[in-house]
Amino acid sequence: EDSDTGQKKEKGPIILCVDTSGSMNGEPECVAKAIALHMASIAHQQERPCYLISFSTDITTFDLSRSKGLKDLVEFLKLSFCGGTDVMPALERGIEMMQEGEYKNADLLVISDFIFPTDNAEIKKKIKEQRKKDNGFYALSILERSRKSFDYYDKEKQEMFDEAWVYSSKGKTIRQLFSRLQKICHQRSK
């Protein structure tokens, strides 16, 4: 319920920020694409706006809730993952989307291996402001089999996200991961 009005909150829009850098190439790329497809499918079924931001050194955006959303999703799934990593433009764009009518109560999910710096005080300030407006910020780290721990998920990243999940292909299944992500999709209906 919304504490100000006492009304049930609607299921909000979803903003997906997917790391398409070279370090995501291979199995992490496949997992990231599967998650993006799954989340976009849920949004479509529930008639919720869904916006995808792929990021490497630049960003590419896809409004998956528009009439050409399926075509854009297919274009995203065809992308190869390469280049360096800079999450800040993706977060910046996601926060801009939260300023617009259709995405005002959106939740944002970053899907990445989190091999990038997050010491940007301005972004952290903007995230803090958006949290006051009831926007959620979530992280899903995709680890390769060779990495044993979430070494790159440090305290600074923890401050940026409300919740964080770690997916490692070692001992996990994609089905278990999808069930955990359902929390984001159904969170607004409680």
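The written sequence of each chain sets the order in which its residues are numbered from 1. Local features are withheld for residues below a pLDDT of 70 in this predicted model, meaning they are given only at 70 or higher, and side-chain atom pairs are given and counted only at 80 or more; totals for whole chains, interfaces and linings count all residues. The basis for every side-chain value is the complete set of heavy atoms in the structure, and neither hydrogens nor water enter the calculation.

### Observations concerning the overall build of the protein chain
Within the protein chain, the regular secondary structure consists of six helices and six strands. By the criteria applied, helices consist of DSSP H or I runs no shorter than four residues and strands consist of E runs no shorter than two, each listed in order from the N terminus. For the protein chain, the α and β elements follow one another from N to C terminus as β-α-β-β-α-α-β-α-β-α-β-α. Buried means the residue's accessible area, taken with a 1.4 Å probe over protein chains only, is under 20% of the maximum for its type, while exposed means over 50%, and partly exposed covers the values in between. Scored against the burial criterion, the 190 residues of the protein chain give a buried share of 46%. In the protein chain, the proportion of contacts linking residues at least 24 apart, taken out of those at least 6 apart, comes to 80%. With residues, only the protein chains shown are counted as cover, and all accessible areas are computed by Shrake-Rupley using a 1.4 Å probe. Element-wise, carbon and sulfur atoms account for 48% of the exposed surface of the protein chain, whose accessible area totals about 9700 Å². In this description, contact between two residues means that some pair of their heavy atoms is separated by no more than 4.5 Å.

### Things to note about the confidence of the model for the protein chain
When the pLDDT values of the protein chain are averaged, the result is 79; 75% of them are 70 or greater. For every residue, the predictor states its confidence as a pLDDT score lying anywhere from 0 to 100. Contacts of residues 1-8 to residues separated by more than four positions or lying in other chains number eight contacts, the stretch itself having pLDDT below 50. Confidence drops under pLDDT 50 across residues 148-153; counting only partners more than four residues distant or on other chains, this segment forms 16 contacts.

### Some points on the packing of helix α1 (residues 27-45) against helix α2 (residues 69-78)
Packed helix pairs are specified by the crossing angle of their axes together with the interaxial distance, meaning the distance between the axes. Axis definition: a line fitted to C-alpha atoms, over the contacting stretch in the case of helices. Angles run 0 to 180 degrees between N-to-C directions. Between α1 and α2, whose axes approach to 10 Å, the crossing angle comes to 170°. With respect to α2, the axis of α1 lies roughly antiparallel. Between α1 and α2, the residues in contact are K33, A36, L37 and A40 and L73, F76, L77 and K78, respectively. The scheme is simple: roughly parallel for angles under 35 degrees, roughly antiparallel for over 145, roughly perpendicular for 65 to 115, oblique for anything else.

### Focus: the side chain of T20
With respect to the helices and strands, the residue T20 is situated in the loop between β1 (14-19) and α1. Once you skip the residues sitting within four places of it in the chain, T20 turns out to touch S54, F55, S56, F76, F81 and C82.

### A short note on the side chain of D113
Along the chain, the position of D113 falls in the loop between β4 (107-112) and α4 (121-132). Under the rule applied, a polar contact is a pair of N or O atoms within 3.5 Å (in protein, one hydrogen donor and one hydrogen acceptor; residues adjacent in sequence only if both atoms are side-chain atoms). Looking at D113, its side chain comes within polar contact range of the side chain of S23, at 2.5 Å. A polar contact of 3.2 Å, which involves the side chain of D113, links it to the backbone nitrogen of I115.

### Points about the sheet that holds strand β2 (residues 50-55)
Taken in spatial order, the six strands line up as β3-β2-β1-β4-β5-β6 in an open sheet, and their pairing is mixed. Pairing within the sheet leaves two strands with one partner each, and these edge strands are β3 (59-63) and β6 (163-168). On average, each strand axis in the sheet is tilted by 15° relative to the strand beside it, whichever way the strands run. Should DSSP find at least two bridges between two strands, the strands are taken to pair. The sheet contact formed by β1 and β4 spans five bridges and is parallel. Paired with I14 across the two strands is D107, which belongs to β4. Lying on the sheet, α1 is in contact with β1, β2, β4, β5 (136-143) and β6; it crosses β1 at an angle near 170°.

### Some details on the nonpolar core
In this structure, L16, V18 and I142 are the most contacted members of the largest nonpolar core, which totals 25 residues. At the level of elements, β1, α1, β2, α2, β4, β5 and β6 are the ones that each hand at least two residues to this core. In terms of residue count, the dominant contributor to this core is α1 (seven residues). When residues no more than four places from it in sequence are discounted, the contact partners of V18 are A32, A36, L52, I53, S54, F55, F76, F81 and I111. If you look at the next biggest cluster of nonpolar residues, it comprises 24 residues, including M88, I95, I127 and A139. Nonpolar core, defined: a set of buried Ala, Val, Leu, Ile, Met, Phe, Trp, Tyr and Cys residues in which side-chain atoms within 4.5 Å join the residues together.

### Here we look at the environment of D107
With respect to the element layout, D107 can be found in strand β4. Put simply, D107 and G136 are 29 residues apart on the chain and 4.5 Å apart in space, counted from C-alpha to C-alpha. Among the polar contacts listed, one links the side chain of D107 to the backbone nitrogen of G136, at a separation of 3.0 Å.

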